[in-house]
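Residues per chain, in single letters:
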There are 2 protein chains.
Amino acid sequence: MERAVAAVEGRWKLLILHHLLVREPRRFSELERAIPRVTQKMLIQQLRALEADGIVQRIVYPEVPPHVEYRLTEAGTALVPALNALHDWAVDTEL
Amino acid sequence: MERAVAAVEGRWKLLILHHLLVREPRRFSELERAIPRVTQKMLIQQLRALEADGIVQRIVYPEVPPHVEYRLTEAGTALVPALNALHDWAVDTEL
DNA sequence: CAGTATCCAATTCGATACTG
DNA sequence: CAGTATCGAATTGGATACTG
């Protein structure tokens, strides 16, 4: 349970998840453009953390130039109802 | 929505919320005993943050010695379903 | 394109001591 | 009892420059 929150903690993870929900897959540069204020360092760091937690999947196409896609895993998709519950709470409490 | 997660972020907040769910109200010293590894500094800091976010209520009884109780607010109680959803996800994904 | 590497500033955390 | 104050260590974050 602590790990469940940890999996979503971090300034950018929700934003990343949001953009993946809106449209999948996303390339690294797409996420960069979608979240202008994130640095490359933070973006890759959060993506790796989400990957390590089994929430997003990183798919590498061995091409030149490099091509990497990020998708939600099944567990990532399964997280959506919980995020919606949090969202509903936030709306209801006007927080 | 970011604030919704922020309201629950922090190593001790879930633990505090848990103990308040199990039994209300709780005094400061009860929470200290319930969560042995938290320092006073962190405990009060997280309690204040939860209070600022409208999730817990701090009730002071003007007695000697001092007597302070912590309770969930209505918004705090309303948060429970969302926490359960997160919990279910954590269990289902074996995270 | 998709990252690494580095350096530095800011924030967070624990331990300890003290107080109304 | 219920905190506050202080300090230093550890972690995190941003900016910038560089690379396979």
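Residues numbered from 1 in each chain as written. Chains lettered and ligands numbered in written order. Predicted model: local features only at pLDDT ≥ 70, side-chain atom pairs only at ≥ 80, totals over all residues. Heavy atoms only, no water.

Student: Can you tell me about the sheet that holds strand 1 (residues 26-27) of chain B, naming the residues and giving the values?
Tutor: As a general point, the strands of a sheet are linked pairwise by backbone hydrogen bonds and lie either parallel or antiparallel. Residues and elements named next belong to chain B. Read from one edge to the other, the open sheet built from 3 strands follows the order 1-3-2, with strand pairing classed as antiparallel. Each end of this open sheet is capped by a strand with a single partner; those strands are strand 1 and strand 2 (56-61). In the sheet, strand 1 pairs with strand 3 (residues 67-72) via 2 bridges, with the strands oriented antiparallel. In the strand pairing of strand 3, Arg27 is matched with Glu69. (Pairing = 2+ DSSP bridges. Helix = DSSP H or I, 4+ residues; strand = E, 2+ residues; numbered from the N terminus.)

Student: Any details on empty space enclosed by the protein? Residues and values, ideally.
Tutor: Summed over the entire model, instances satisfying the criterion amount to 3 cavities of 30 Å³ or more. Approximately 40 Å³ is the volume found for the largest cavity. The wall of the largest cavity is formed by A:Val5, A:Val8, A:Leu86, B:Val5, B:Val8 and B:Leu86. Partitioning the lining of the largest cavity into residue classes produces 6 nonpolar, no polar and no charged. (1 Å grid on protein atoms, 1.4 Å probe; cavity = no way out; pocket = protein on both sides within 12 Å on 5 of 7 lines; lining within 4 Å. Points joined across faces, edges and corners; volume = space filled by probe spheres on them. Nonpolar A, V, L, I, M, F, W, Y, C, P; charged D, E, K, R; others polar.)

Student: Could you give an account of the protein's contact with DNA strand D, naming the residues involved and the relevant values?
Tutor: Among the 21 residues in the neighbourhood of DNA strand D, the closest are listed as A:Lys41, B:Ser29, B:Gln40, B:Arg58 and B:Tyr70. Between DNA strand D and B:Arg58 there is a distance of 2.5 Å, counted from a phosphate oxygen to a side-chain nitrogen or oxygen. Elements supplying a minimum of two residues to the surface near DNA strand D: helix 4 (40-52) of chain A together with helix 3 (28-34), helix 4 (40-52) and strand 3 of chain B. Within the surface near DNA strand D, the residues separate by chemical class into 9 nonpolar, 6 polar and 6 charged. (Near = heavy atom within 4 Å. Polar contact = N/O pair within 3.5 Å; in protein donor to acceptor, adjacent residues only side chain to side chain.)

Student: Requested: an account of the relation of the copies chain B and chain A, with residues and values cited.
Tutor: Note on the identical chains: chain B maps onto chain A by a rotation of 180° and an axial translation of 0.0 Å, with an RMSD of 0.0 Å. One copy is carried onto the other by what is essentially a two-fold rotation axis. (Least-squares fit on C-alpha atoms with pLDDT ≥ 70 in both.)

Student: Help me get a handle on the nonpolar core, residues and values and all.
Tutor: By size, the foremost hydrophobic cluster in this structure holds 52 residues, and its most contacted members are A:Leu79 and B:Leu79. Excluding its chain neighbours within four sequence positions, the residues that come into contact with A:Leu79 are A:Val8, A:Leu17, A:Ile55, B:Leu86 and B:Trp89. (Core = buried A, V, L, I, M, F, W, Y, C linked by side-chain atoms within 4.5 Å. Buried < 20%, exposed > 50% of the residue type's maximum accessible area, 1.4 Å probe, protein only. Contact = heavy atoms within 4.5 Å.)

Student: Describe the interface of chain B and chain A, naming the residues involved and giving the relevant values.
Tutor: Every contact between the two is made by 26 residues of chain B and, on the other side, 26 residues of chain A. Around 2400 Å² of area is buried between chain B and chain A when both sides are counted, 78% of it from carbon and sulfur atoms. Scanning the region where chain B abuts chain A turns up 0 salt bridges. Among the elements of the structure, helix 1 (2-6), helix 2 (13-22), helix 5 (74-78) and helix 6 (80-92) of chain B are those that each provide at least two residues to the side of chain B that touches chain A. With 7 residues, the top contributor of residues to the side of chain B that touches chain A is helix 6 of chain B. (Buried area = accessible area lost by both parts, 1.4 Å probe. Salt bridge = Lys/Arg side-chain N within 4 Å of Asp/Glu carboxyl O.)

Student: Explain the protein's contact with DNA strand C to me, using residue names and the numbers behind them.
Tutor: Taken together, 21 residues lie near DNA strand C, and A:Ile44, A:Arg48, A:Arg58, A:Tyr70 and B:Lys41 sit nearest. Sugar plus phosphate, as a fraction of atoms of DNA strand C within 4 Å of the protein: 59%. A:Arg27 is positioned with one of its side-chain polar atoms (N or O) 2.8 Å from a phosphate oxygen of DNA strand C. Contact between DNA strand C and A:Pro66: a sugar or linking oxygen at 3.2 Å from a main-chain N or O atom of the residue. When residues of the surface near DNA strand C are traced back to their parent elements, those giving at least two are helix 3 (28-34), helix 4 and strand 3 (67-72) of chain A together with helix 4 of chain B. Considering only residue class, the surface near DNA strand C consists of 9 nonpolar, 6 polar and 6 charged.

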